[in-house]
Amino acid sequence: MASRGSNSSANGLLPTSRSGRHHLDMESSAKVRLPTELGDDAASSKNDDHDEDDDPFDIAQTKNAPHATLRRWRQAALVLNASRRFRYTLDLKKEEEKDSRRRMIRSHAQVIRAALLFKLAGERETGLSTTVTPATPSGDYGIGHEQLVSLTREHNISALQQYGGVKGISSMIKTNLEKGIDGDEADLVKRRDVFGSNTYPQKKGRSFLRFLWEAWQDLTLIILIIAAAVSLVLGIKTEGLSHGWYDGGSIAFAVILVIIVTAVSDYRQSLQFQNLNEEKQNIQLEIMRGGRTVKISIFDIVVGDVVPLRIGDQVPADGILITGHSLAIDESSMTGESKIVHKDQKAPFLMSGCKIADGVGTMLVTSVGINTEWGLLMASISEDTGEETPLQVRLNGLATFIGIVGLSVAALVLLVLWIRYFSGQTKDTDGKVEFESGKTSISKAVDGAVKIFTIAVTIVVVAVPEGLPLAVTLTLAYSMRKMMADKALVRRLSACETMGSATTICSDKTGTLTLNQMTVVEAYVGRNKIHPPDDSSQLHSLVSTLLSEGIAQNTSGNVFEPDGGEVEISGSPTEKAILSWALKLGMKFNAIRSESTILHVFPFNSEKKRGGVAVKGTDSKVHIHWKGAAEIVLASCTEYLDSNGCLQDITQDKEFLRAAIDNMAASSLRCVAVAYRPYELDKVPTEEENLGQWALPEDNLVLLAIAGIKDPCRPGVKDAVRLCTEAGVKVRMVTGDNLQTAKAIALECGILYSVEDATEPNIIEGKTFRELSEKEREEVAKKITVMGRSSPNDKLLLVQALRKGGDVVAVTGDGTNDAPALHEADIGLSMGIQGTEVAKESSDIIILDDNFASVVKVVRWGRSVYANIQKFIQFQLTVNVAALTINVVAAISAGRVPLNAVQLLWVNLIMDTLGALALATEPPTDDLMHRTPVGRRAPLITNIMWRNLLIQALYQICVLLVLNFMGNSILGLKEDNTQVASVKNTVIFNAFVFCQIFNEFNARKPEELNVFSGVTKNYLFMGIIGVTFFLQIMIIQFLGTFAKTVVLDWQHWLICFGIAIISWPLAVVGKLIPVPKTPVSQYCRRAFQPCRRPFQRSRTSRNA
């Protein structure tokens, strides 16, 4: 049961916080030295690790990071608008409130149950009979809505018994326990009207007005509004209303424009996240309606539905157990206790939101939506969609550093301009001294000082890159939306960018590398190969009967045989293949299931690779049937039935059968064996409790058949594997299948290049790997390409060994037992079709089509995120360096700045919001997959970026400063007055803006000579460039009064274009200049290392 608008963490809904991993895990992972492009030696890496311990912005792995670590980096960040900067990060305060609320609701539920149990115990002691209110009919149903809700919520077993148990309840709510409800539209509407729908009230998202309010919270913008108000009052007082409002009004207008554009951009991002969260919530599950298994949304569950339960499923609503075998439930999401609770007829109540930890069963839904404890819990807390990503944290560190530099520059400009102003050295454009001691009025002096202060504050607005960390969110939101089209649903933002750093992918075989369209193509009964495999005439009736019974009863699938229609088979692909084969051999599924009774079930176990069932026939004979991995079942067999129905000793023929299995495996077939053994009825436990603990005998089995199942490779998977290899990402196959099958598929997919490569340790069995010591596992893990017969624990050990060796590991998984490996990996990828809810919830990204090619697309998008952020950083730093330098030099030397407050705000808008939109939404290119993975500690600003931004910034500084000091002669302006100065400053402003527009093209391709490739396909980029051009022309030609500009003639426009267009050939020339491999940041670190050591020692001694 879920809300359509809440976050995926409610999907399934373990209530643990995102920082659920123990601190010890984080510490151990922090000690792992990850590969970088720095080429550090061991000694320097030690020093680096020591440095990193002191850097709050160095969190290489934010997945499951402790709250203390997250709080530390936020406190260290220089932030002008915290509500906007930290909007998409985890709200630590709300998280604490949410946990408190959860505990309160759980305690309330436990108190109610404890009181009820106390009451029942007292009644038993005193001999009083428990009085239960008779069921009150409601409409067409024999029990009222409130009574049904109360029964389940209070776990009132006495009431259940008096109502006639689950059969009595089912008849009251008109449900067939075997076939489910009819499920026609009229019936569903009636049930929703009476009992409610499986949704709960969701908290509304932020309105646009809220985003406006948050955009307004920026400290510098507030100061600018105050300064504008002061300037407005003083301007009107000194110059009159007709002209005095220009300065203050234009600044206020510019600030309001910045706020509106920022709010619109943020609101659009918010809507994208809302849409994605709705997708995350929409769990698909199988239920029984009208005798057939149908797949529906969790939102469409109604009271009366019969729901099959398997390992890893989420209980979709409150209900009562109909039948169950070894059913164990993880109720930690509701009780807060990580204790597994066993369910049977003595404890039949199931709670929504809990997980199936073991066993199988079916349940009858009795309460949905807000009428469940889970619904109450989810409706009372607001789900926080926020989350840290490593890039966000690092960019906050970069923004803080740039901000400190910007504040220092702004303070210097303010100090210099104020000293020059009050010492009488500042002159206006007509050459008159602006301030004369004793002559200038106080209001005029204050007005002049306020204008200088406004310029300094505006420099801070430009200098502190508030949009830098938010650019990560923007590009992630864009990428997540596009990845949905590529069949990948991102549950955790950080995984999207971490995938770009992946060095290895540990992939499942079945359904990921293969099509998951399984068919039985070979079969053996005894020594006889059945050809074709579905020819029943080659089987003795005894073999056929036992085989049909074993397959029909020992399955988690189902067969629906409509009158006159086509047979429908449901279940896992392997189950469907076996059931389909048995039907062709003449199996009567429904007849067999009705004629025999299941006594006990051992569900298929990925550790043991087999599943079993004990059944009692009409003649009271007990058969124990096993089905599973062929060589494992064969090892437990002592006899076999031949095709004539005769019992034969298997000792002499085991080698033949093993060879048959190997031959099928070498042909890429999955081998499944079916076996049975007769059992004495009097040895079967009679008590339900003992029966639940009974271990099915698995020795002395009689082999019935071995089937070879073909699952062809997916088309295009070989190209996808090759693409990964070229991109520096090693693909490893980890499968539970036979090693020979795994080897054959790996050769077919291109994971193994040749048969010569198929030697240990390139290919290895899970058992061999797990028996190695920890150090040996680390050494061997690097060499492993294929792991066969692996258990989920083997997968976890492999992930841990690879991570300790420095790899950034992505791992795929679909089973419940894969959850630890998915959680441990840097990026957990669960399967959308075959994956259980437990696996999906432990994962970071859900691959909706289970296709390996989609995994490769995720790598591509991950690299695109990192590349787009780097493009934006290069563009923004170029603007920062140029604007700050021009204003500082002009202020110190001339006492005036060429770019005023309104102009700087417009530049900030181009650089911050529009620039992020243009560059953060660049689609991925093929070139990204021809690079090696980016190390997680690789510098954000590479040497190539430093080269590009310094060349452009120096060019802009030189040209614009020359215009500032020699502009009159260059532009042919003869007189030295206000009009001439305005023309010169307008040209400087116009040329500066055009330089940024042209430089956006350069930022698109930091390493390529052709910056225009693919530009016409990016409509958003072209649209933003067009809008920026248009608005700049409007500002110069029509809004001069506000922006302090004048109308330019065509020659001046040509000069501005000429200055700006030179940036393109300059960028081409610049890219021919080689750069050193060692990053600039490493030189800086070495230079400052002696200064940091005393601080580190003192800090260490304080901590000690």
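Shown above is the structure to which this text applies.
What you see is a predicted model; the values in this text were computed from it and never measured.

(A) A look at the overall build of the protein. In terms of helices and strands, the protein carries 41 helices and 26 strands. The burial tally for the protein puts 56% of its 1104 residues in the buried class. Nonlocal contacts in the protein, meaning residues at least 24 apart in sequence, comprise 75% of its contacts between residues at least 6 apart. Total accessible area on the protein stands at roughly 45400 Å², and carbon and sulfur atoms take up 57% of it.

(B) Expanded view of helix H6 (residues 145-153). Gln147, Leu148, Val149, Leu151 and Thr152 are the residues of H6 that are buried. Buried positions along H6 lie against helix H7 (157-162), helix H8 (165-172), helix H9 (185-195), strand E4 (318-330), strand E6 (349-350) and strand E7 (355-367).

(C) Region of the structure containing the nonpolar core. In terms of nonpolar packing, the biggest core is built from 157 residues, with Phe852 and Ile873 touching the most fellow members. With 20 residues, helix H33 (residues 852-894) is the single largest residue contributor to this core. In this structure, Phe852 is in contact with Ile505, Ser507, Thr512, Leu513, Arg714, Val717, Ala720, Val721, Cys724 and Val731, ignoring residues within four places of it in sequence. Counting 41 residues, the second largest nonpolar core, distinct from the first, contains Val315, Ile329, Phe349 and Leu350.

(D) Summary view of the packing of H33 against helix H35 (residues 943-970). One can describe the packing of H33 onto H35 by two numbers: an axis separation of 9 Å at closest approach and a directional angle of 30 degrees. Taken together, the axis directions place H33 and H35 in an arrangement best described as roughly parallel. Read as a crossing pair, H33 and H35 show a hand that is right-handed. For the contact of H33 with H35, the class distribution of residues is 15 nonpolar, 9 polar and no charged.

(E) Main features of the side chain of Arg289. You can see Arg289 is positioned in strand E1 (residues 284-289). Residue Arg289 is classed as buried on the basis of its relative accessible area of 10%. Polar contacts involving the side chain of Arg289 include one to the side chain of Asp305, which spans 2.8 Å. Apart from residues no more than four positions distant in its own chain, Arg289 is found in contact with Lys179, Ile181, Asp182, Gly183, Leu188, Val294, Ile296, Asp300, Ile301, Val302 and Asp305.

(F) A look at the pattern of salt bridges. The final tally for this structure, using the stated rule, is 32 salt bridges. Among the ionic pairs, Arg527 bridges to Asp653, the shortest N-O distance being 2.7 Å. Residue Arg527 is located in the loop between strand E10 (519-525) and strand E11 (528-530), and its partner Asp653 is located in the loop between strand E18 (647-649) and helix H24 (654-666); the two are separated by 126 residues in the primary sequence. The buried category is assigned to Asp653, whose relative accessible area is 11%. Through salt bridges with shared partners, a single ionic network connects Asp508, Lys795 and Asp818.

Cut-offs applied
- Residues numbered from 1 in each chain as written.
- Predicted model: local features only at pLDDT ≥ 70, side-chain atom pairs only at ≥ 80, totals over all residues.
- Heavy atoms only, no water.
- Helix = DSSP H or I, 4+ residues; strand = E, 2+ residues; numbered from the N terminus.
- Buried < 20%, exposed > 50% of the residue type's maximum accessible area, 1.4 Å probe, protein only.
- Contact = heavy atoms within 4.5 Å.
- Areas by Shrake-Rupley, 256 points an atom, 1.4 Å probe, with all protein chains shown as cover.
- Core = buried A, V, L, I, M, F, W, Y, C linked by side-chain atoms within 4.5 Å.
- Axes fitted to C-alpha atoms, helices over the stretch in contact; angles between N-to-C directions.
- Parallel < 35°, antiparallel > 145°, perpendicular 65-115°, else oblique.
- Left-handed = near helix turned anticlockwise from the far one by under 90°.
- Nonpolar A, V, L, I, M, F, W, Y, C, P; charged D, E, K, R; others polar.
- Polar contact = N/O pair within 3.5 Å; in protein donor to acceptor, adjacent residues only side chain to side chain.
- Salt bridge = Lys/Arg side-chain N within 4 Å of Asp/Glu carboxyl O.

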